[in-house]
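# Structure assessment
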Amino acid sequence: MSALPLLDRHLDHAVPASRAQRTWTSSDGPLPSIYLSHGAPPLLEDGAWMRQLSDWSLGLPKPTAILIVSAHWESAPLSVSGTAAGTPLVYDFGGFAPHFYRLQYATPDASALAKRVAGLMPDTEPVHEHRHRGLDHGAWVPLMVMYPLGDVPVLQLSLPTHDPDRLLDLGRRLRPLREEGVLVIGSGFMTHGLPFLTREHWMGGGAPPGWSADFDAWAGEALARGDVDTLARFATEAPGMPFAHPTVEHYTPLFVTLGAADRPDAPATTVIDGYFMGLAKRSIQAA
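Residues numbered from 1 in each chain as written. Predicted model: local features only at pLDDT ≥ 70, side-chain atom pairs only at ≥ 80, totals over all residues. Heavy atoms only, no water.

## What to know about the side chain of Ser-75
Structurally, Ser-75 is set in the loop between strand S2 (65–74) and strand S3 (79–80). The exposure class assigned to Ser-75 is buried, which follows from its relative accessible area of 17%. Apart from residues no more than four positions distant in its own chain, Ser-75 is found in contact with Ser-158, Leu-159 and Pro-160. (Helix = DSSP H or I, 4+ residues; strand = E, 2+ residues; numbered from the N terminus. Buried < 20%, exposed > 50% of the residue type's maximum accessible area, 1.4 Å probe, protein only. Contact = heavy atoms within 4.5 Å.)

## Considerations on the packing of helix H5 (residues 164–178) against helix H10 (residues 253–260)
For any two helices packed against each other, one specifies the crossing angle of their axes together with the interaxial distance. Viewed as axis vectors pointing N to C, H5 and H10 meet at an angle of 45°, and their least axial separation amounts to 6 Å. It follows from the interaxial angle that H5 and H10 lie oblique. In this structure, H5 crosses over H10, and the sense of that crossing is right-handed. Mapping the contact onto sequence places Pro-164, Leu-167, Leu-168, Leu-170, Gly-171, Arg-172, Leu-174, Arg-175 and Arg-178 in H5 and Phe-255, Val-256, Leu-258, Gly-259 and Ala-260 in H10. A breakdown of the residues in the contact of H5 with H10 according to their chemical character gives 9 nonpolar, 2 polar and 3 charged. (Axes fitted to C-alpha atoms, helices over the stretch in contact; angles between N-to-C directions. Parallel < 35°, antiparallel > 145°, perpendicular 65-115°, else oblique. Left-handed = near helix turned anticlockwise from the far one by under 90°. Nonpolar A, V, L, I, M, F, W, Y, C, P; charged D, E, K, R; others polar.)

## A look at the layout of surface pockets
Of the pockets and cavities examined, the largest pocket occupies roughly 310 Å³. Lining of the largest pocket is provided by 18 residues; of these, Ala-40, Phe-96, Leu-194, Trp-202 and Met-277 occupy positions nearest its centre. Here the residues of the lining of the largest pocket are counted per class, giving 11 nonpolar, 6 polar and 1 charged. Listing elements by their share of the lining of the second largest pocket, those giving two or more residues are helix H1 (5–20) and helix H2 (47–58). Sort the elements by how many residues they give to the lining of the second largest pocket and H2 lands first, with 6 residues. Grouping the constituent residues of the lining of the second largest pocket by class yields 4 nonpolar, 4 polar and 3 charged. (1 Å grid on protein atoms, 1.4 Å probe; cavity = no way out; pocket = protein on both sides within 12 Å on 5 of 7 lines; lining within 4 Å. Points joined across faces, edges and corners; volume = space filled by probe spheres on them.)

## Focus on H2
The periodicity of an α-helix, 3.6 residues per turn, causes residues three or four positions apart to be oriented the same way. Along its 12 residues, H2 runs 16 Å from first to last C-alpha, staying within 8% of the 16 Å computed at 1.5 Å per residue. When we look at burial in H2, the residues that qualify are Gly-47, Trp-49, Met-50, Leu-53, Ser-54, Trp-56 and Ser-57. Two to three positions downstream of the cap, the backbone nitrogen of Ala-48 sits 3.3 Å from a side-chain oxygen, assigning the N-cap of H2 to Asp-46. (Expected span 1.5 Å × (residues − 1). Polar contact = N/O pair within 3.5 Å; in protein donor to acceptor, adjacent residues only side chain to side chain.)

## Here's the deal with helix H4 (residues 137–146)
Burial within H4 is extensive, with 10 of its 10 residues counted as buried. Of all the residues in H4, the buried ones are His-137, Gly-138, Ala-139, Trp-140, Val-141, Pro-142, Leu-143, Met-144, Val-145 and Met-146. Looking at where H4 begins, the residue whose side-chain oxygen comes 2.9 Å from the main-chain nitrogen of Gly-138 is Asp-136.

See below:
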């Protein structure tokens, strides 16, 4: 018996569905850009959340490639992960059961996407490839649920700053990729106040903390209005701060997602909401 029976059960359904999924063609038009709350290894023990992510991915054409900016790789100058097929994963978490450190998610060569990304950047911003850096858990945990066959090239792009304007501009530069069937993803968590969770939350019970619910409601309303300016003033204006984000790397990938949209100030669609151990898992897509 597997140590992850809910993941096994998910894969029993998700793998055949992914095999049958139609791959993007130019007649589909641009893919959306998305921001997802990526969870941690326990996501792979949450059947409902896995179904939500799987249904989301299956509702879109299968991308030709995936470019993902994760909260767990803050690095400037701008960098990309290793592009070789089957680049090893990064197990950048601690305190979990041993079976999580044995999970694999081998993906195809992503060198063509890396060259394309580098070509979209200005000459003043060269892109460095970390050849031996694999995908961190902000990338591989949700993607092995959404694209379980590992048949889509995946490239991780570092998060070079937390300045919303600069990240919006980075997303704008990545926008043409959507017209080529590339799924551009900002991966974080809509609230991430881990130090302020109680034992009850860690055990998976109880209502979300007020700071988490208040921040999530504020962000959800601003996203529904397309109010990028308000979202950018989160540090000083959002309720629940700084508890919702004592550090901001799980929130700021949102601005890459919005920048990659055709209109960053257009209303975004919430695809997943609710809470996981008291943290808001709101995830959105922008056209």
